[in-house]
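# Survey of secondary and tertiary structure
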Amino acid sequence: VVIARTPVDEQLSEIIVVFLPRNQGDADATARFGQLLMERIASEVEQDILIWENKRYAQHPALTKGDGPIAAWRNWCQQFY
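Anyway, here's the lowdown on the structure attached to this text. (Residues numbered from 1 in each chain as written. Predicted model: local features only at pLDDT ≥ 70, side-chain atom pairs only at ≥ 80, totals over all residues. Heavy atoms only, no water.)

## Describing the environment of Gln11
The topology assignment puts Gln11 in the loop between β1 (2-7) and β2 (13-18). On the basis of relative accessibility, which here comes to 75%, the residue Gln11 falls in the exposed class. Residues Gln11 and Trp52, 41 residues apart in the sequence, show an inter-C-alpha distance of 9.5 Å. (Helix = DSSP H or I, 4+ residues; strand = E, 2+ residues; numbered from the N terminus. Buried < 20%, exposed > 50% of the residue type's maximum accessible area, 1.4 Å probe, protein only.)

## Let's talk about a nonpolar patch on the surface
Together, Val2, Ile16, Val18 and Leu20 make up a nonpolar patch on the protein surface, roughly 360 Å² of accessible area in all. Take Val2: it is sitting in strand β1. The exposure class of Val2 is partly exposed, given its relative accessible area of 49%. (Patch = residues over 30% accessible without salt bridge, like charges linked within 9 Å, V, L, I, M, F, W, Y side chains within 5 Å. Areas by Shrake-Rupley, 256 points an atom, 1.4 Å probe, with all protein chains shown as cover. Salt bridge = Lys/Arg side-chain N within 4 Å of Asp/Glu carboxyl O.)

Following this line, the structure appears as structure tokens:
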């Protein structure tokens, strides 16, 4: 499963979900699983809307010990801005 969320403007984000099953032997079972997966993802996205509506930009957001290698990730991403 690959999920890509791209902000389009201040009010709208585009979400693309790609589901690539390993075994496509039973097409009906794969389709049912894909449908259940999409319903679950939609439910989780709906729960995140409140967070997205109240997010704000922070130039240098604080990190905690549990954030892992996010600082290195942020540094790598900076080259695209």
